[in-house]
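Single-letter residue listing:
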Amino acid sequence: MKPLIFHNPNCGTSRNTLAIIKASGEQPEVVEYLKNPPTRDELVDLLAKMNILPRELLRSKEAINDELGLDNPELSDDHIIDAMIAHPILINRPIVVTDKGAALCRPSERVFALLENPVSSFTKEDGETIYHDNSQ
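Sequence order sets the numbering: in each chain, residues are counted from 1 along the sequence as written. Totals for whole chains, interfaces and linings use every residue, but because this is a predicted model, local features are given only for residues with pLDDT of at least 70 and side-chain atom pairs only at 80 or more, for both listing and counting. Only hydrogens and water are set aside when side-chain values are computed; all heavy atoms of the structure are taken into account.

Colleague: I'd love a proper account of helix α2 (residues 40–50), names of residues and values included.
Modeller: In this scheme, a residue with accessible area under 20% of its type's maximum is buried, one over 50% is exposed, and one in between is partly exposed, where area comes from a 1.4 Å probe on protein chains only. Only runs of H or I of at least four residues qualify as helices and only runs of E of at least two qualify as strands under DSSP, and these elements are numbered from the N terminus. Among all positions in α2, only Leu43, Leu46, Leu47 and Met50 are buried. One face of α2 carries all of its buried residues, which in axial projection span an arc of 100 degrees. Facing away from the buried side of α2 by over 90 degrees, the exposed positions are Asp41 and Ala48. Any pair of residues with heavy atoms lying within 4.5 Å of one another is described as a contacting pair. Each element contacted by the buried residues of α2 is listed here: β1 (4–7), α3 (54–57), α5 (77–86), β3 (95–98) and β4 (101–104). Phi turns positive, to about 55 degrees, at Asn51, one or two residues after α2. Relevant arc is that of directions from the helix axis to the C-beta atoms, nothing else.

So this is what it looks like as C-alpha cells:
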C-alpha cells in the first residue's frame, strides 16, 4: 500500500512528516483534508485504525473549538465527530496510514514507525535533527 497522509500544507509538523516520508523513498498519496475532508465513515474508520477516541484527534487550539463548546466532557463521541466533519480544521494532523498501521504523527517522528525503510535521521524545517532507532 502506498502511504497516505492527511496533510495541511500550512502546518510545519505536517510538512515535516511529508518530507520524512519522501526522504524515506516513498511517494505518498497526499490528501489536503481541508480541501477534501474525509467523510464521516472515513473519519470513523481512521479513528478505529489509530485506536484513539475522537477527542484525542480534536484540534482544540482552534477558535471554533471554543465557539462550539467542544471542551465539554459530557459531549458524545458522535458530537465530536460531527463537529470535525462540519469543520475539518478541527481534525488534528498529520494522519498517516501505511501497511504498518495508522497514527496521528505529532510529533512528526512518529511516522518512522509506519515506514518500511525510514531514514535514520532527518533535519526538520526549524533545524532540529531527529533520529530513528533502526533497532526497533
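There's plenty left to go through after this.
Colleague: Talk me through unusual backbone geometry; I want residue IDs and the actual numbers.
Modeller: A negative phi angle characterises most non-glycine residues, just as the trans form characterises most peptide bonds. Each neighbour pair has its own omega, and for Arg93 with Pro94 the value is 0 degrees, a cis peptide bond. Cis geometry is adopted by the peptide bond preceding Pro107, which originates at Arg106 and carries an omega value of 5 degrees. Here Asn51, not a glycine, exhibits a phi torsion of approximately 55 degrees, which is positive.

Colleague: Could you give an account of the nonpolar core, naming the residues involved and the relevant values?
Modeller: Counting residues in hydrophobic clusters, the biggest one holds 22 residues, and the most contacted among them are Leu57, Met84 and Ile95. Mapped onto this core, the elements with two or more residues apiece are β1, α2, α5, β3 and β4. The contact partners of Leu57, leaving out residues within four places of it in the chain, are Leu43, Leu47, Met50, Ile52, Met84, Leu90, Ile91, Asn92, Ile95 and Leu104. Grouped together as the second largest cluster of nonpolar side chains are 14 residues, Ile5, Ile20, Leu114 and Ile130 included. The nonpolar core is taken to be a set of buried Ala, Val, Leu, Ile, Met, Phe, Trp, Tyr and Cys residues, with the residues joined through side-chain atoms within 4.5 Å.

Colleague: Describe in detail the pattern of salt bridges, supporting the description with residues and values.
Modeller: We count a salt bridge whenever a side-chain nitrogen from Lys or Arg sits within 4 Å of a carboxyl oxygen from Asp or Glu. Counting across every chain of the model gives eight salt bridges. Note that Glu32 is salt-bridged to Lys35, the shortest N-O span being 3.4 Å. A relative accessible area of 62% means that Lys35 is categorised as exposed. A salt bridge links Lys124 to Glu109; the shortest N-O distance between them is 3.1 Å.

Colleague: Quick rundown of the environment of Leu75? Include the residues and the values.
Modeller: Here Leu75 shows up in the loop between α4 (63–67) and α5. A C-alpha to C-alpha distance of 38 Å links Leu75 and Glu128, two positions 53 residues apart in sequence. Leaving out residues up to four positions away in the same chain, Leu75 has contacts with Arg55, Gly69, Leu70 and Ile80.

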